[in-house]
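Now for the letters of each chain:
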Amino acid sequence: MTSRPPTRFDVSRDELAALLGDQPRYRVDQVWDGLYEPGKDLLDISNVPVAVRERLDTTLPRALTPVAESSSDDETTTKWLWELADGAQVETVLMHYRDRTTVCISTQAGCAMACSFCATGQAGFERQLTVGEIVEQVIEARRVALPRRLSNVVFMGMGEPLANYDATWAAVERLHGDLGLSARHLTISTVGLVPGIRRLAAESLPVNLAVSLHLAEDARRDRLVPINRRYPLAVLAEACHEYLDATGRRLSFEWALIDGVNDSDLDARQLAAYARPLRAHVNLIPLNPTPGYPTRGTPPEGVAEFRDRLRELGINATVRANRGTDIDAACGQLRANKATSVATPTRRS
Ligand code: SAH
């Protein structure tokens, strides 16, 4: 629950109906459908009287005000830094690929998980996002993506989605039910919050699960990813099995390759032994350097070597292109580097 007044995409259909109490019943559907139609603004819902649109525009303000927006030179990546009503800031990144268009969204302002290499974790936790603040990131990215169709959403921006479970799941339902995105194209990424994974396993929509593993040995993972002390690897693997059995969805492990920290042959063997029984796919991401962590990413030859070693060990592994590094779009860097950002603020028309 939030004490903040609801923003445009916070309200449920019933809450919208209450706000439109003086209007004919069909108005609720007209407004609701208009709100979720790609590229449409509330003020453009032409079958609704202007006075009603204007009233709602005031009662249900947008959640996100752009502070900075920039695109990579080839225009395949666009990032936003948004300010919320209370001044908190979050990031969203839109990425066009040959076969799909993906948006990476935030679920919390800041993060309490304190992973040492993560810019968001270094800054600490600020607050939970509401469902409307999460959904509006997708609405905005979908509008900007046009005429390309936004096909995929990854919950891999700022914050730990499973530590804001209710709003995250409400957003999943909205994206599926009202924006028409397939559950197979939604991916929730978690540091490994076991109770959250168990809850996900019991939900009716089978979304993809990505677990940010980074190390497959408890003593070392305890230090890099502190939540491992509470939910160690064996317990995490059990929850992953449960998720697979319940949903039949693919599981993937994220592995940010850090020079001399998790890129040795032993690391590859430990990872392979952990991933194999779960038939997990491994996504390798060269570490993005962050101000609070003085270690660099594994150099490209080492990345290819690690990938090949995993493949020899029978693991399906791919290297994820590090989109947006040139525009500070990766992993909380936009907010961290805001003071020196080249982006110019833009206003929506
Ligand atoms: N809290 C969730 C989702 C947000 S982080 C999670 O941990 O999965 C999204 C992904 O970015 C995670 O895999 C995280 O470990 C990774 N990440 C964070 N900082 C990074 C960095 N500096 N370089 C590369 N990947 C990073």
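As the structure is a prediction and not an experimental result, all values here were calculated from the model. (Residues numbered from 1 in each chain as written. Predicted model: local features only at pLDDT ≥ 70, side-chain atom pairs only at ≥ 80, totals over all residues. Heavy atoms only, no water.)

**Re the site of the ligand**
Reasoning step 1: Residues in close proximity to the ligand total 19 residues, the closest being Glu160, Ser189, Ser212, His214 and Asn288.
Reasoning step 2: In this structure, an oxygen atom belonging to the ligand sits 3.4 Å away from a main-chain N or O atom of Thr190.
Reasoning step 3: Contact between the ligand and Asn288: a nitrogen atom at 2.9 Å from a main-chain N or O atom of the residue.
Reasoning step 4: Of the residues belonging to the shell around the ligand, the class tally is 9 nonpolar, 8 polar and 2 charged. (Near = heavy atom within 4 Å. Polar contact = N/O pair within 3.5 Å; in protein donor to acceptor, adjacent residues only side chain to side chain. Nonpolar A, V, L, I, M, F, W, Y, C, P; charged D, E, K, R; others polar.)

**Things to note about the side chain of Asp10**
Reasoning step 1: Considering the arrangement of structural elements, one finds Asp10 in the segment before helix 1 (13-19).
Reasoning step 2: Buried Asp10, no salt bridge; nearest opposite-charge side chain is Arg174, N-O distance 6.8 Å.
Reasoning step 3: There is a polar contact of 2.8 Å between the side chain of Asp10 and the side chain of Thr130.
Reasoning step 4: A distance of 2.6 Å separates a polar side-chain atom of Asp10 from the backbone nitrogen of Gly132.
Reasoning step 5: The residues contacting Asp10, other than those within four sequence positions of it, are Glu15, Thr130, Val131, Gly132, Glu133 and Arg174. (Helix = DSSP H or I, 4+ residues; strand = E, 2+ residues; numbered from the N terminus. Buried < 20%, exposed > 50% of the residue type's maximum accessible area, 1.4 Å probe, protein only. Lys, Arg positive; Asp, Glu negative; His and termini not counted. Salt bridge = Lys/Arg side-chain N within 4 Å of Asp/Glu carboxyl O. Contact = heavy atoms within 4.5 Å.)

**Considering the domain arrangement of the protein chain**
Reasoning step 1: Looking at the protein chain, the domain boundaries give domain 1 (13-59) and domain 2 (65-327).
Reasoning step 2: On a C-alpha basis, the centres of domain 1 and domain 2 stand 34 Å from each other.
Reasoning step 3: Taken together, the contact between domain 1 and domain 2 spans 7 residues of the former and 8 residues of the latter.
Reasoning step 4: Across the contact surface, domain 1 and domain 2 share 0 salt bridges.
Reasoning step 5: Residue contributions to the side of domain 1 that touches domain 2 peak at 3 residues, all from helix 2 (residues 26-36). (Domains from an automatic or database assignment.)

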